[in-house]
Amino acid sequence: MIARVRRLYHNRSVANTYYADIPALKKVLLTEPKFHDLFKYSHEARWITSASEINITKQSTSLTCQVWDYTGWGYTRYNARDVGKSVLGYVVENKVLHNALLSCLQDTGFADIISPVQVKSVLFKPNSPLVAKSMLSQEPKNNKASPTSYQELKGSSYIRQQLAKVELNDGKYLYARLVVGADGGRSQVRSMAGFQTTGWDYKQHALICTVEVETENQIAWQRFLPNGPLALLPMGKKFFNIVWSTTPEKASELKGMTEDDFIKSVNNALVHDYGSHPQSQFSEIINGRFKWLTGELVPSISEPFQTPPRIIGLSTARMSFPLSLMHASDYASNRVVLVGDAAHTVHPLAGQGVNLGFGDAAALARILNEGIVTGSDIGEISLLKKYERERKLVNLPMMAVLDGFQRIFSADFGPVNLLRAAAFNGVQILGPLKKQIISYAMGEQKLPMFPFNHNRVVDY
C-alpha cells in the first residue's frame, strides 16, 4: 500500500502527530516531542462507537449558559431543557481529548510507535494522477504479470515521485498519497504547500487560566465588556476555565499581577465594574402580560439573572495569545488538504472555532471514504476540491457572522449599546428564536445559508 500520512487535529498548546502506512504495509505512529508525554498518562477516555462518540470520564457538563452586557441593560439565559436536552455542552481538558484520540489510534492496530520525532519538511509534487492506481488496488489475477506488474509498480521510484515526500528530522523519509494539515493557525503544512491567506488582526489577546470558585455550579458565564468578552466555563466541581478577550496591554497587565490582584480584577470585571446587573422585571412583565408575543415558552424565559460565583483561587498559570480572523484561499491542492485552524481561524466569543474544525474533519473523512469506495486516489485534487467546496459553504458565512458579532460587541457607543441590549432581551423572551440559536450552536439545526450540518459538538 502506498504511504498515507495524516495530521491529527489539535489546538495551539499540543504538538503535532503524524501517522503513516508505509509501502510494506507496516503501520507507524510518529509523534513530536511534546506529544510524547501523552503516552505517560493513563487512559481517561474511551471510544464508544467507531469515530462517532467519545465517552470522557473526566469532564464537566454545562446545563445553563448566561450571557449579559456590561451596561446592565440586557441578558440572555440558555437552558438545556429549552431544547429537551440533558446538557448544553461539555468542557473537556485537552489532554483528555488527546488521550481519547490516542486510544482510538492504538486500537486500530498500529505496529510501531516512533516517538519523539519531528517533521522537517514536506515536498508536494505538481498535480499529476497516480498512474496505474487500478493495478495498485489489487493483486494480479495470474502469474503472467508484465514488467509493470503490481509488485514492481508498488515499489517503483516512479510511483514515489508522484507522492508527497515527508522528511523527518532523523533524515528518514515517508511518501504519502495525502497529507492533512491540522496544525493550527500558524500551520507549517499550509506554508509548505504555498497556500495564501486573507484576514486581519483583532488587536485583542485571549488570556486563559483555570480558577477555583466559592460554590459549585454547572453554568457557563459570559459578560461582554468594553474591550471584549470574559467567559467563565465549568470544568467540574469548583473549577472553571477563564477566557478573557481584551487588549494586548490589558492581557499583559493581567498576566503580571499577583494572584490576589488577578482574582480581584476578575471578580470585579464579572460582578462589580461598569454598569449594574441586568434586571429581570422586563422578562417577567412580558411573560405575565404579553405571553402571546413570546411564542412557544421555554424554561429559561422565566429564569432571573444570577450573579456569577466568586473566584477564590488561581489553579494554573496564566497564558495569552493574539486573536485574529484568517481564511486560506484554498483548502486543498494535489496531495494536501487543510482542516481546522490551519484553514480558518475565528474569534472565540461564540465558541465556534473548534466546532468548525470538527466539521471539517468529519466532512473530509466522509468524502475520502466515498473516494475509496469508488476507487479514487485519495490525494487527487478533484476529490479534495469537493471537500473544499462543501466546507467553504459552511465556514465563510459563519466567519462573517462571528466577525460581525465581534465588531458589534466591541463597540462602546450609545446607539450600539441600545441595540445590543434589545438583542439580549429579545432572545431572552422569544422562545422559538432561542430554541433555534441553541439547536444551531449544538449542530442540530441547519439554517438556509448553511446547507450542510457541520458538526454536533459544542465548544464554548
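Everything quoted here is computed from the prediction, not taken from an experiment.

Asker: Mind showing me how you'd approach the overall build of the chain here?
Answerer: A count of helical and extended segments in the chain gives 14 helices and 23 strands. The proportion of buried residues among the 460 residues of the chain is 49%. Carbon and sulfur atoms provide 55% of the accessible area of the chain, an area that totals close to 21,700 Å².

Asker: So what exactly am I meant to see when it comes to the nonpolar core here?
Answerer: When a protein is soluble and globular, its nonpolar side chains tend to lie buried together. Counting 32 residues, the largest nonpolar core has V179, V337, L364 and Y387 as the members making the most contacts within it. Those elements that place two or more of their residues in this core are β11 (119-123), β12 (164-168), β13 (173-176), β14 (179-181), β22 (336-338), α11 (353-373) and α12 (381-409). With four residues, the top contributor of residues to this core is α11. Beyond its immediate sequence surroundings of up to four residues, V337 is in contact with L178, V179, V180, G181, Y331, A332, L364, L384 and Y387. Judged by nonpolar contacts, the second largest core, of 26 residues, contains W68, L254, A269 and V271.

Asker: Quick question: what am I supposed to make of the pattern of salt bridges here?
Answerer: One pass over the full model with this rule turns up 13 salt bridges. For K392, the salt bridge goes to E388, with nearest N and O atoms at 3.2 Å. Here E388 and K392 lie together in helix α12, a separation of four residues that amounts to about one turn. In this structure, K392 and E388 share a single accessibility class: buried.

Asker: Help me understand the packing of α11 against α12, please; the structure alone is not making it clear to me.
Answerer: Two quantities define a packed helix pair, namely the angle between the helix axes and the distance between the axes. Relative to each other, α11 and α12 sit at 155 degrees, their axes nearing to 9 Å. Judged on the interaxial angle alone, α12 and α11 are roughly antiparallel. The two elements α11 and α12 cross, and the hand of that crossing is right-handed. On α12, the residues touching L356, G359, D360, A363, L364, R366, I367, L368, E370 and G371 of α11 are L383, L384, K386, Y387, E390, R391, V394, N395 and M398. Of the residues belonging to the contact of α11 with α12, the class tally is ten nonpolar, three polar and six charged.

Asker: It is not clear to me how the sheet that holds β12 should be interpreted in this structure. Could you clarify?
Answerer: Taken together, the three strands give an open sheet; going across it, the order is β11-β12-β13, and neighbouring strands pair in antiparallel fashion. The strands lining the two open edges of the sheet, one partner per strand, are β11 and β13. Averaged over all pairs of adjacent strands, the angle between their axes in this sheet comes to 20 degrees, without regard to strand direction. In this sheet, β12 lies alongside β11 in antiparallel orientation, the contact comprising four bridges.

Calculation rules
- Residue positions are counted from 1 within each chain, in the order its sequence is given.
- Only residues with pLDDT of at least 70 get local features here, since the model is predicted, and only at 80 or more are side-chain atom pairs given and counted; chain-wide, interface and lining totals rely on the full set of residues.
- The basis for every side-chain value is the complete set of non-hydrogen atoms in the structure, without hydrogens or water.
- For helices the rule is a DSSP run of H or I covering at least 4 residues; for strands it is a run of E covering at least 2, with both sets numbered from the N terminus onward.
- Each residue is assigned to one of three classes by its accessible area relative to the maximum for its type, calculated with a 1.4 Å probe on protein chains only: buried under 20%, partly exposed between the two thresholds, exposed over 50%.
- What sets the accessible areas is the Shrake-Rupley method with a 1.4 Å probe; for residues, cover comes only from the shown protein chains.
- Each nonpolar core is a collection of buried residues, namely Ala, Val, Leu, Ile, Met, Phe, Trp, Tyr and Cys, held together in the definition by side-chain atoms within 4.5 Å.
- Working rule for contacts: check all heavy atoms of both residues, and any pair within 4.5 Å makes them a contact.
- A carboxyl oxygen of Asp or Glu within 4 Å of a side-chain nitrogen of Lys or Arg is what we treat as a salt bridge.
- Every axis in this analysis is a line fitted to C-alpha atoms, fitted for helices over the stretch in contact. Angles between the N-to-C directions lie between 0 and 180 degrees.
- Every angle not falling under 35 degrees, over 145, or within 65 to 115 is termed oblique; those three ranges are roughly parallel, roughly antiparallel and roughly perpendicular.
- The crossing is said to be left-handed when, going from far helix to near helix, the turn is anticlockwise and less than a right angle, and right-handed when the turn is clockwise.
- Nonpolar residues are Ala, Val, Leu, Ile, Met, Phe, Trp, Tyr, Cys and Pro. Charged residues are Asp, Glu, Lys and Arg, and all others, Gly as well, are polar.
- In short, DSSP must find at least two bridges between two strands for them to pair.

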